[in-house]
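Each chain, letter by letter, is given below.
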Amino acid sequence: MRARRRGRGEAAAATENSKKLVNTVEGCADDALAGLVACNPNLQLLQGHRVALRSDLDSLKGRVALLSGGGSGHEPAHAGFIGKGMLTGVIAGAVFTSPAVGSILAAIRAVAQAGTVGTLLIVKNYTGDRLNFGLAREQAQAEGIPVEMVVIGDDSAFTVLKKAGRRGLCGTVLIHKVAGALAEAGVGLEEITNRVNVVAKAMGTLGVSLSSCSVPGSRPTFELSQDEVELGLGIHGEAGVCRIKMASANEIVTLMLDHMTASSNVSHVPVQSGSSVVLMVNNLGGLSFLEVGIIADAAVRTLEGRGVKIARALVGTFMSALEMPGISLTLLLVDEPLLKLIDAETTASAWPNVAKVSVTGRKRTRAAPAEPLEAPDSTAAEGLPLKRVVLVMERVCTTLLGLEEHLNALDRAAGDGDCGTTHSRAARAIQGWLKEGPPPASPAQLLSRLSLLLLEKMGGSSGALYGLFLTAAAQPLKAKTDLPAWSAAMDAGLEALQKYGKAAPGDRTMLDSLWAAGQELQAWKNPGANLFQVLTKAVQSAEAAAQATKNMEAGAGRASYISSAKLDQPDPGAVAAAAILRTILEVLQSQGV
């Protein structure tokens, strides 16, 4: 990246081609289409051509056939949209390359021979596609085959109209759906062509990407610095209309929708308050599902905040650009008749199972069930001094917050490096809870409340384990709160951890620290046991056990998947548990309990 000067080795690495899981660069488009057909009994390959067709062509006799296609690398487009109610077939070119005229003509002839009454070619507005599909159309018409062609340009990036027109992007998939529903209903070729051309004018798409993609056998098509985002790019790795600074998902989505709907933009979609739209949130190939969900949420909230009714929302990967980590938003203005075509049934494998109800106006939350009333606690009168309880918990929180970076560093060796973050999240949750009011004086109720809090706020396996431990430990304390009862509480918590966590002492987990402490706490069950002598030994044993985990082979948790040769630091969960016990001891000693 531009942020620092690269060394000679790094410069050489930057010129290398990106890694791809393919057999050969030359055959990757053929292999990809063959794989789709092999796994879908509803599709067939046209021998000698990179063409996929419906396997039930004979059922289309007397109806209009729909053919589309373009370069490979946009999967699931276009072959994923072959099926009843959508496309009849697809002609695929090499990656980002228009398909051959001969293959397009062969597909037209194949559907004509099946008895169709005409063919509509649905073509994205790119020069190569227009030329090749157009030439095939002319040749087919010369043979007496009725063929029409619609060129889809839904790009909303350019504020000034280019001579080449708007590029064809993800909105083309909606045209496949509309045309497919009309063809399935028996509508004629001329009417389908006219209606599709009208729909295409009420649609716009805009893309944004965090970086480029790379064609198999080649380097990335453009480079972005860490703080840059490409706006208005196409689907072939070409650069966009401008570069903007990296921002939050909310800000980027707002910018995209502003650009798409601004009346000063010649390629805008005339969406305004009161408009009804179909929204498509399309992953360009490399974004995580998590990011796509965040963007979808931002798009819905932003549009609804402007008074736009979202009739349907389609979220997923519909037209990709290989592994490009980006997103495109498509808006299609709809009325009820058009919506019925969008909702019409289809067997196309890549079309999502969209609910036939409006997104806007639907209740999206359900009230959570009320917490059950707590049963009377026979130990309530023997409650703990509240000031001491609060002080212990505050000090524990301070300890965990101070250990955040250390625990994260230990966790990076065997996990995802967030153990400290998880424990800090628990500490902040407890601090917030204490500010809301005094905690319960009853030990059983205190542990139960802490359990619920950690289960909800701490997250991760640590939250579940602490929740289990505290829930089980609370049970013996409902009857008594003397030292033997606290020892029994420790036993119950340890038993729950082993039962559900599937860990045992020696497995290099937080259980190792707690188990060592629990063995020492058995002494509390003896008459006349001293609180501090036993607790001090328990803490020392827990700390020793935590340190000993660095010499153990992990038998549970994420670390169990890591080679023991790479684990030379103590387990962070065990270190955290021992630190909690040490803090409790020190506070109690300072209070002279």
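Residues numbered from 1 in each chain as written. Predicted model: local features only at pLDDT ≥ 70, side-chain atom pairs only at ≥ 80, totals over all residues. Heavy atoms only, no water.

**Q** I'm lost on unusual backbone geometry in this one. Help?
**A** Outside of glycine, negative phi angles account for most residues, and trans bonds account for most peptide bonds. Cis rather than trans, the peptide bond between Glu75 and Pro76 has omega equal to 10°. In this structure, the amide linkage connecting Ala77 to the following residue, His78, adopts the cis form with an omega of 5°. Position of His78 among the secondary structure elements: in the loop between strand 3 (64–72) and strand 4 (89–95). Even without being a glycine, Leu322 presents a positive backbone phi close to 55°. Structurally, Leu322 is set in the loop between strand 11 (309–316) and strand 12 (326–333). On the accessibility criterion, Leu322 (22% relative accessible area) is partly exposed. Phi angles above zero are rare outside glycine, and Arg508 is one such case at about 65°. Note that Arg508 resides in the loop between helix 15 (483–501) and helix 16 (510–521). (Helix = DSSP H or I, 4+ residues; strand = E, 2+ residues; numbered from the N terminus. Buried < 20%, exposed > 50% of the residue type's maximum accessible area, 1.4 Å probe, protein only.)

**Q** What exactly am I supposed to notice about the UniProt feature "active site" (unreviewed entry) in the protein chain here?
**A** UniProt feature "active site" (unreviewed entry): in the numbering of this structure it lies at His236. With respect to the secondary-structure elements, His236 resides in the loop between strand 8 (228–231) and strand 9 (242–245). Assessed through its relative accessible area of 22%, His236 is described here as partly exposed. Residues within four places of His236 in sequence aside, it is in contact with His74, Phe96 and Tyr126. (UniProt positions renumbered as here; feature names shortened; annotations may be inferred. Contact = heavy atoms within 4.5 Å.)

**Q** Please clarify how the pairing of strand 10 (residues 276–283) should be interpreted in this entry.
**A** Within a regular strand, side chains alternate between the sheet's two faces. Among the 8 residues in strand 10, 8 count as buried, and that is most of the element. Of the two faces of strand 10, both are covered, the one formed by Ser276, Val278, Met280 and Asn282 as well as the one formed by Val277, Leu279, Val281 and Asn283. As judged from the 7 bridges shared by strand 10 and strand 11, these two strands associate in the parallel manner. Of the residues in strand 11, the one forming a bridge with Met280 is Leu314. (Pairing = 2+ DSSP bridges.)

**Q** It is not clear to me how the pattern of salt bridges should be interpreted in this structure. Could you clarify?
**A** If charged atoms from side chains of opposite charge come close, those side chains can pair. Per the stated rule, a full pass over the model turns up 21 salt bridges. Note that Arg312 is salt-bridged to Asp343, the shortest N-O span being 2.6 Å. One end of the pair, Arg312, is in strand 11; the other, Asp343, is in helix 9 (residues 336–343), and 31 residues separate them in sequence. The residue Glu456 makes a salt bridge to Lys457 at a minimum N-O spacing of 3.9 Å. Overall, Glu456 belongs to the exposed group, its relative accessible area being 60%. A cluster of three or more residues bridged by salt bridges with shared partners is formed by Glu228, Glu230 and Arg243. (Salt bridge = Lys/Arg side-chain N within 4 Å of Asp/Glu carboxyl O.)

**Q** Could you clarify how one ought to interpret the packing of helix 11 (residues 404–412) against helix 18 (residues 572–591) in this entry?
**A** Helix packing for two helices is described by the angle between their axes and how far apart those axes are. Relative orientation of the contacting elements helix 11 and helix 18 amounts to 155°, with a least axis distance of 9 Å. Between helix 11 and helix 18, the angle is such that the two are roughly antiparallel. Of helix 18, the residues touching helix 11 (which contributes Leu407, Leu410 and Asp411) are Pro572, Val575 and Ala576. Here the contact of helix 11 with helix 18 is composed, by residue class, of 5 nonpolar, no polar and 1 charged. (Axes fitted to C-alpha atoms, helices over the stretch in contact; angles between N-to-C directions. Parallel < 35°, antiparallel > 145°, perpendicular 65-115°, else oblique. Nonpolar A, V, L, I, M, F, W, Y, C, P; charged D, E, K, R; others polar.)

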